[in-house]
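Here are the chains, one letter per residue:
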Amino acid sequence: MLGYLLRRAGAMVPVIAVVSVVVFSLIHLTPGDPVNIMLREEADPATAATLRRQLGLDRPLPLQYAAWLGRAVQGELGRSIRTNQPVTDAIRQRVPVTLSLAAAALLVALAIGLPAGILAAVRRNSVVDVAATLVAISGVSLPSFWLAILLILVFSVTLGWLPPLGWVSPGRDLGAWVRSLVLPAVTLGVAIAAVVMRMTRASLLEVLELDYVRTARAKGLAERRIVLGHALRNALIPVVTVIGLQAGALLGGAVITETIFALPGVGRLLVDAIFQRDFPIVQGVVLVLALNFLIVNLLVDLTYAWLDPRIRYH
């Protein structure tokens, strides 16, 4: 397993190199002079020249990239143009919010999607299967912003059970932290649950038709043991792929949810930085999100090898 891990980690190096080039190029691919964009129209030539020198934009691109990459490897991603705060500090302050939201959303998705997918596969073409399919289609079809507003109207405005907005640190009040996460997590988790349910159903149906399952049934094993003890583990491999992709997307794709519920997460930091033309923040956030996505994919690959020992990297 260690050799497999090292080979998979080594395969990520070229990808990281490409990602670093793309992230570095963001500031140069933006139409117009990045310094004038940052300073807007009120900048005088002396101020623009000073900022250009501070950012190293007066040097050739290869030297700029080498300097930026060297600092990034050491964890130095520059400072915010608007607040002068180190980019790493700004991201570090927002990461716990986004991680909490992503973990809660995945928990909601797995708690709904896996049992529903298993039931739909075991009771194929039954009322349960049709109902689960309809719910899954509804979950995928509902826009997240509409679902968020609906949940706020029902559970916050009408019933008054949960807060409509805001974030509370778990160190300050654990109960309030859980309550502040419920509505955002359900908003994000419903769509993922629908995808997980559909994938679990399709994969499990395919596995239940294999010869070893028929052999187990011929031996008289209980259906529950066949499904949960033999078929489900093999059926989980494509489901893990979907969960991994969704988890990676959650870390950077919760922008709308964080904005609606006023959560100070990484997605909202990225949106604010784009509107404020704070390019160091944009570069840092995009780089961190890309690295997180690669790490999640590495964990998915390791999960493959754990679920099916025949899988090895060559």
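Describing the overall build of the protein chain
Scanning the protein chain for helices and strands turns up 13 helices and zero strands. In the protein chain, the succession of helices and strands from N to C terminus is α-α-α-α-α-α-α-α-α-α-α-α-α. Considering only C-alpha atoms, the protein chain reaches an extent of 85 × 55 × 35 Å along its principal axes. Considering the protein chain as a whole, with its 314 residues, one finds that 39% of them fall into the buried category. For the protein chain, the share of sequence-separated contacts (at least 6 apart) that also reach a separation of at least 24 residues comes to 73%. Of the roughly 16,900 Å² that the protein chain leaves accessible, carbon and sulfur atoms contribute 67%. Positive and negative charge centroids in the protein chain, built from 27 and 18 side chains respectively, lie 8 Å apart.

Regarding the nonpolar core
Ranked by size, the top nonpolar core spans 34 residues in total, and within it Leu-101, Leu-183, Leu-188, Leu-250 and Phe-261 carry the most contacts. Of all elements in the fold, only α5 (87-122), α7 (144-158), α8 (174-208), α10 (223-253) and α13 (279-307) reach the threshold of two or more residues within this core. When residues no more than four places from it in sequence are discounted, the contact partners of Phe-261 are Ala-148, Ile-152, Pro-164, Leu-165, Gly-166, Leu-183, Pro-184 and Thr-187. By size, the runner-up hydrophobic cluster in this structure holds 18 residues, among which are Val-23, Ala-273, Ile-281 and Leu-289.

So, the packing of helix α6 (residues 127-141) against α8
The N-to-C vectors of α6 and α8 enclose an angle of 140 degrees; their axes lie 8 Å apart at closest approach. In terms of orientation, α6 and α8 fall into the oblique class. Note that α6 runs across α8; the crossing there is left-handed. Side by side, α6 and α8 meet where Asp-129, Ala-132, Thr-133, Ala-136, Gly-139 and Val-140 of the first sit next to Val-190, Ala-191, Ala-194, Val-195, Met-197, Arg-198 and Arg-201 of the second. Class assignment for the residues of the contact of α6 with α8 results in eight nonpolar, two polar and three charged.

Re a nonpolar patch on the surface
On the surface, Leu-142, Phe-145, Trp-146, Ile-149, Leu-150, Leu-153, Val-154, Val-157, Leu-159, Trp-161 and Ile-256 cluster together into a nonpolar patch covering about 1,000 Å² of accessible area. No other element matches the seven residues that α7 contributes to the nonpolar patch.

Topic: the packing of aromatic side chains
Under the criterion given, the structure shown has four aromatic pairs. Ring centres 5.4 Å apart and planes at 70 degrees place the aromatic pair Phe-24 and Tyr-65 in the edge-to-face group. One end of the pair, Phe-24, is in helix α1 (residues 2-29); the other, Tyr-65, is in helix α4 (residues 61-73), and 41 residues separate them in sequence. With a relative accessible area of 9%, Phe-24 lands in the buried category. Taking 5.9 Å as the distance between ring centres and 45 degrees as the angle between the ring planes, the aromatic pair formed by Phe-24 and Trp-68 counts as tilted. Pair noted here: Phe-24 is in helix α1 and Trp-68 is in helix α4, with a separation of 44 residues, a long-range link. Three or more aromatic residues link up through ring pairs in this structure, and these residues are Phe-24, Tyr-65 and Trp-68.

Describing the layout of surface pockets
Remark: the empty space left among the atoms is shown by a probe the size of a water molecule rolled over them. Computed from the structure, the largest pocket encloses a volume of approximately 470 Å³. Along its surface, the largest pocket is lined by 22 residues, and Gln-54, Leu-55, Arg-71, Gly-78 and Pro-280 are the ones closest to its centre. With four residues, the single largest contributor to the lining of the largest pocket is α4. A class-by-class count of the residues in the lining of the largest pocket yields 10 nonpolar, eight polar and four charged.

So, the packing of helix α12 (residues 266-275) against α13
Where α12 meets α13, the closest approach of the two axes is 9 Å, and the angle between their N-to-C directions is 150 degrees. Here α12 runs over α13; the crossing is left-handed. Where α12 abuts α13, its residues Val-266, Leu-269, Leu-270, Ala-273 and Ile-274 lie against Ile-281, Val-282, Val-285, Val-286 and Leu-289. Here the residues of the contact of α12 with α13 are counted per class, giving 10 nonpolar, no polar and no charged.

Quick look at α1
Note on helix geometry: an α-helix contains 3.6 residues per turn, so any two residues three or four positions apart are oriented the same way. Compared with an ideal rise of 1.5 Å per residue, which puts 28 residues at 40 Å, α1 spans 40 Å between its outermost C-alpha atoms and is within 8% of the ideal. Along α1, the largest kink reaches about 30 degrees and is centred on Pro-14.

Digging into the environment of Arg-71
Here Arg-71 lies in helix α4. Between the alpha carbons of Arg-71 and Ala-176 there is a distance of 39 Å; along the sequence they are 105 residues apart.

Quick notes on the side chain of Ser-203
Positionally, Ser-203 belongs in helix α8. For Ser-203, a relative accessible area of 7% corresponds to the buried category. Leave out the neighbours within four places in its chain, and Ser-203 touches Ala-235 and Pro-238.

The rules we used
Residues numbered from 1 in each chain as written. Predicted model: local features only at pLDDT ≥ 70, side-chain atom pairs only at ≥ 80, totals over all residues. Heavy atoms only, no water. Helix = DSSP H or I, 4+ residues; strand = E, 2+ residues; numbered from the N terminus. Buried < 20%, exposed > 50% of the residue type's maximum accessible area, 1.4 Å probe, protein only. Contact = heavy atoms within 4.5 Å. Areas by Shrake-Rupley, 256 points an atom, 1.4 Å probe, with all protein chains shown as cover. Lys, Arg positive; Asp, Glu negative; His and termini not counted. Charge placed at Lys NZ, Arg CZ, Asp CG, Glu CD. Core = buried A, V, L, I, M, F, W, Y, C linked by side-chain atoms within 4.5 Å. Axes fitted to C-alpha atoms, helices over the stretch in contact; angles between N-to-C directions. Parallel < 35°, antiparallel > 145°, perpendicular 65-115°, else oblique. Left-handed = near helix turned anticlockwise from the far one by under 90°. Nonpolar A, V, L, I, M, F, W, Y, C, P; charged D, E, K, R; others polar. Patch = residues over 30% accessible without salt bridge, like charges linked within 9 Å, V, L, I, M, F, W, Y side chains within 5 Å. Salt bridge = Lys/Arg side-chain N within 4 Å of Asp/Glu carboxyl O. Phe/Tyr/Trp six-rings, centres within 6.5 Å; stacked < 30°, edge-to-face > 60°. 1 Å grid on protein atoms, 1.4 Å probe; cavity = no way out; pocket = protein on both sides within 12 Å on 5 of 7 lines; lining within 4 Å. Points joined across faces, edges and corners; volume = space filled by probe spheres on them. Expected span 1.5 Å × (residues − 1). Bend = angle between axes of the 7 residues up to and from the residue.

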